[in-house]
Amino acid sequence: MIAVRRLEEGDVPSVLRISLAELGSDYLSETDFADAMADDEQFCNVAVMDGSVVGFAICRVFGPGSEPEVLGLPDCPERDVVLSTDMIGILDSVAVDDSAKGRGAGSAMCSACVDEMTAAGCGMVCAMAWRSTTGRTNIAGILRGLGMAETVAIPGYWNRMVDSPGGHDCPECGAPCRCHGVFWYRTLP
Ligand SMILES: CC(C)(COP(=O)(O)OP(=O)(O)OC[C@H]1O[C@@H](n2cnc3c(N)ncnc32)[C@H](O)[C@@H]1OP(=O)(O)O)[C@@H](O)C(=O)NCCC(=O)NCCS
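One structure accompanies this document, and this report is about it. Residue positions are given per chain, counted from 1 along the sequence in the order it is written. For a predicted model such as this one, the threshold for reporting local features is a pLDDT of at least 70, and the threshold for listing and counting side-chain atom pairs is 80 or more; totals across whole chains, interfaces and linings nevertheless cover every residue.

### A word on helix 5 (residues 105-119)
Reasoning step 1: End to end, helix 5 covers 21 Å across 15 residues, agreeing with the expected 21 Å (1.5 Å per residue, within 8%).
Reasoning step 2: To assign burial, the other C-beta atoms lying within 10 Å of each residue's own C-beta are counted, with C-beta atoms placed from the backbone; 20 or more indicates buried, 12 or fewer indicates exposed, and intermediate counts indicate partly exposed. Segments assigned H or I by DSSP are reported as helices when at least four residues long, segments assigned E as strands when at least two residues long, and all are numbered from the N terminus. Of the positions making up helix 5, those classed as buried are A105, G106, A108, M109, C110, C113, V114 and M117.
Reasoning step 3: Contacts are defined on C-beta atoms placed from the backbone: any two residues whose C-beta positions lie within 7 Å are in contact. Buried-residue contacts for helix 5 involve strand 1 (2-6), strand 2 (42-49), strand 3 (52-62), strand 4 (88-96), strand 5 (124-131) and helix 6 (140-145).
Reasoning step 4: Two residues or fewer past helix 5, G121 is found with a positive phi of approximately 100 degrees. Working rule for helices: expected span equals 1.5 Å times residues minus one.

### Things to note about the site of the ligand
Reasoning step 1: Whether a residue is near a molecule or strand depends on its C-beta atom, placed from the backbone, lying within 6 Å of it. By nearness alone, 19 residues border the ligand, and K101, G104, G106, S107 and G141 come closest of all.
Reasoning step 2: Looking at the shell around the ligand, the elements that each hand over two or more residues are helix 1 (12-23), strand 4, helix 5, strand 5 and helix 6.
Reasoning step 3: Taken together, the residues that form the shell around the ligand break down as 9 nonpolar, 7 polar and 3 charged. The residue classification treats Ala, Val, Leu, Ile, Met, Phe, Trp, Tyr, Cys and Pro as nonpolar and Asp, Glu, Lys and Arg as charged. All others, Gly included, are polar.

### Here's the deal with the sheet that holds strand 7 (residues 180-187)
Reasoning step 1: Strands are labelled as partners when DSSP assigns at least two bridges between them. With mixed pairing, 7 strands are arranged side by side in an open sheet as 1-2-3-4-5-7-6. One side of each edge strand has no neighbouring strand; the edge strands of this open sheet are strand 1 and strand 6 (149-155). Put simply, the sheet's adjacent strands are angled 25 degrees from each other on average, direction ignored.
Reasoning step 2: Judged from the 8 bridges that link them, strand 2 and strand 3 form a sheet pairing that is antiparallel. By the bridge assignment, A47 is partnered in strand 3 with G55.
Reasoning step 3: Here the axes come from fitting lines to C-alpha atoms, over the contacting stretch only for helices, and the angles between their N-to-C directions go from 0 to 180 degrees. Packed on one face of the sheet, helix 2 (residues 30-38) meets strand 2 and strand 3 and runs near 105 degrees to strand 2.
Reasoning step 4: The sheet contacts of helix 5 involve strand 1, strand 2, strand 3, strand 4 and strand 5, and relative to strand 3 the element is tilted by about 30 degrees.

### A short note on the nonpolar core
Across soluble globular proteins, nonpolar side chains show a tendency to be buried alongside one another.
Reasoning step 1: Within the largest apolar cluster, 58 residues are counted, with the highest numbers of intra-cluster contacts made by C44, F56, A57, C126, A127 and W184.
Reasoning step 2: Looking at this core element by element, the count peaks at 8 residues for strand 3.
Reasoning step 3: Beyond its immediate chain neighbours, meaning those up to four positions away, A57 contacts C44, N45, L91, V94, M109, C110 and C113. Here a nonpolar core is just a set of buried residues of the types Ala, Val, Leu, Ile, Met, Phe, Trp, Tyr and Cys, joined wherever their C-beta atoms sit within 7 Å.

Below you can see the structure in the form of structure tokens.
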């Protein structure tokens, strides 16, 4: 049985360990989780299975003026849609412990997050997904299930968004990262 609840301070060592293994050594720090708990424009949900935290999803709700720092899309039709939306919700960082993958934790967290962003009045829900050099996007099935569609793919995206001197230290392909960032979104009525 999977429960989804807000990240609490005592969960930070667990989610940090999951992040380091699944998203890379330079992607999130303890401060990022502290910010996600404190900042009005962010929230972080965790998935709990058999009493243990097995995954997390950090979300952000932002206005079009923050598009460059939150998304950094190139000039494209999808960017125009973002810029014409008053409030956008993004599944910003999602990861599940390797031992718990494929059992519904990621789907349960993402679904709860999208419900919250919808209830908050977002006109769009989106995610910048990570497509590996093999062409696999781990989170694609979950995003599709939430009604989002895949759009523009951006090469070298994670090296630009992660502030590491040698480029993002990707858990799949090392530094600099050769994966794509792929923008998925759904507009809401
Ligand atoms: C992407 C990620 C978060 C998914 O988490 P997860 O808990 O494995 O996700 P789920 O179990 O909900 O779904 C994964 C698959 O298992 C299937 N599944 C869901 N519940 C299931 C269940 N109870 N039993 C068996 N399979 C199940 C889903 O249909 C999905 O299949 P699909 O990928 O073919 O659509 C996880 O793989 C991960 O952390 N990957 C590394 C980091 C990463 O890529 N993060 C995303 C960055 S954009």
